[in-house]
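A look at the structure
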Amino acid sequence: EADIYQTPRYLVIGTGKKITLECSQTMGHDKMYWYQQDPGMELHLIHYSYGVNSTEKGDLSSESTVSRIRTEHFPLTLESARPSHTSQYLCASQGADNEKLFFGSGTQLSVL
Amino acid sequence: QQQVKQSPQSLIVQKGGISIINCAYENTAFDYFPWYQQFPGKGPALLIAIRPDVSEKKEGRFTISFNKSAKQFSLHIMDSQPGDSATYFCAASWSYQKVTFGIGTKLQVIP
């Protein structure tokens, strides 16, 4: 079965701090995604990548940025966190010829 | 504009009953319709999926019914169990492109 890892699992930080949420997958998937989800609510796509050095903004506008320097790694960065960024962030990956999404367990971010 | 509309947003079913969640889509280019199941504190996981060339797909107690002309599809959970309590998302995509999700349905199965 596929493996996709997100760290940290929980993060509580103060306003104005810079943070990076990590996402790694061991399946060699080209496609990777970041979703934002408020508790028990809809999944909003905020970033995606179809391969190394390829990143696109998703359907929901976000102040975060992403990078894809290696196939297996897709980190998300917030330069200056605000309380409005408090949410759960889910990372997912997808194989080139397979529509199935594999999700990580998420990072629950709280900005005080 | 929501391309996949899901209802109801919450559902309470007694143990042993049938849970039914409905979705409707607008984009006729969609060619893959999955359902994802999410437990609290976890990411969603693929439960079952269907393509528009069939009207029904069954896996254990879970069945997708698909109506291409009405642009609707639904998830039926037979003999619902407390362990089925989770949030269910319908979704749609086409040609291996990014997935569009419904808003989710929180299912609670009570003993």
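What comes next is a walk through the structure. This structure is a prediction, so every number in the text was calculated from the model and none was measured. (Residues numbered from 1 in each chain as written. Chains lettered and ligands numbered in written order. Predicted model: local features only at pLDDT ≥ 70, side-chain atom pairs only at ≥ 80, totals over all residues. Heavy atoms only, no water.)

Side note on the overall build of chain B
Scanning chain B for helices and strands turns up 0 helices and 11 strands. Helices (α) and strands (β) of chain B occur, in sequence order from the N terminus, as β-β-β-β-β-β-β-β-β-β-β. On C-alpha atoms alone, chain B measures out to a radius of gyration of 13 Å, which is about the 13 Å that the 2.2 N^0.38 rule sets for 111 residues. Dimensions along the principal axes, computed over C-alpha positions, put chain B at roughly 40 × 30 × 20 Å. Per-residue burial over chain B gives 43% buried out of 111 residues. (Helix = DSSP H or I, 4+ residues; strand = E, 2+ residues; numbered from the N terminus. Rg over C-alpha atoms; globule rule 2.2 N^0.38 Å. Buried < 20%, exposed > 50% of the residue type's maximum accessible area, 1.4 Å probe, protein only.)

Structural notes on the packing of aromatic side chains
Describing an aromatic ring pair means giving the distance of the ring centres and the angle of the ring planes. Counted by the stated rule, this structure contains 18 aromatic pairs over all chains. On the basis of an interplanar angle of 55° and a centroid distance of 6.3 Å, the ring pair of Tyr25 of chain B and Phe73 of chain B is categorised as tilted. Separated by 48 residues along the polypeptide, Tyr25 of chain B in strand β3 (residues 19-25) and Phe73 of chain B in strand β8 (residues 72-77) bring together distant segments of the chain. Residue Tyr25 of chain B shares its accessibility class with Phe73 of chain B, and that shared class is buried. Here a set of aromatic residues connected by ring pairs shows up, and it is made of Tyr33, Tyr35, Tyr48, Tyr50 and Phe103 of chain A together with Tyr36, Phe89 and Phe101 of chain B. The positively charged end of Lys31 of chain A is found above the aromatic ring belonging to Tyr50 of chain A, 5.1 Å away from the centroid. When the ring centre of Phe74 of chain A is taken as origin, the NZ or CZ atom of Arg68 of chain A, which lies over that ring, is 5.8 Å away. (Phe/Tyr/Trp six-rings, centres within 6.5 Å; stacked < 30°, edge-to-face > 60°. Lys NZ or Arg CZ within 6 Å of the ring centre and 35° of its normal.)

As for the nonpolar core
Phe33, Trp35, Phe73, Leu75, Tyr88 and Leu107 of chain B are the most contacted members of the largest nonpolar core, which has 24 residues in total. For this core, the elements supplying multiple residues, two or more each, are β2 (10-14), β3, β4 (33-38), β5 (45-50), β7 (62-67), β8, β9 (86-92) and β11 (105-110) of chain B. For this core, the element with the highest residue contribution is β9 of chain B, accounting for 4 residues. Counting 19 residues, the second-largest nonpolar core is a separate cluster that includes Ile19, Leu21, Met32 and Phe74 of chain A. (Core = buried A, V, L, I, M, F, W, Y, C linked by side-chain atoms within 4.5 Å.)

With respect to the side chain of Gln38 of chain B
The topology assignment puts Gln38 of chain B in strand β4. Note on Gln38 of chain B: relative accessible area 7%, which makes it buried. A polar side-chain atom of Gln38 of chain B sits 2.9 Å from a polar atom in the side chain of Gln37 of chain A. In terms of polar contacts, Gln38 of chain B uses its side chain to reach the backbone carbonyl oxygen of Lys42 of chain B, at 2.8 Å. Other than its neighbours up to four places away in sequence, Gln38 of chain B contacts Gln37, Gln88 and Leu90 of chain A together with Gly43, Pro44, Ala86, Thr87 and Phe89 of chain B. (Polar contact = N/O pair within 3.5 Å; in protein donor to acceptor, adjacent residues only side chain to side chain. Contact = heavy atoms within 4.5 Å.)

What to know about the environment of Asn67 of chain B
Residues and elements named next belong to chain B. Relative to the helices and strands, Asn67 is located in strand β7. In the structure, Asn67 is positioned 35 residues away from Tyr32 in sequence and 13 Å away in space, judged by C-alpha atoms. A polar side-chain atom of Asn67 sits 2.8 Å from a polar atom in the side chain of Ser69.

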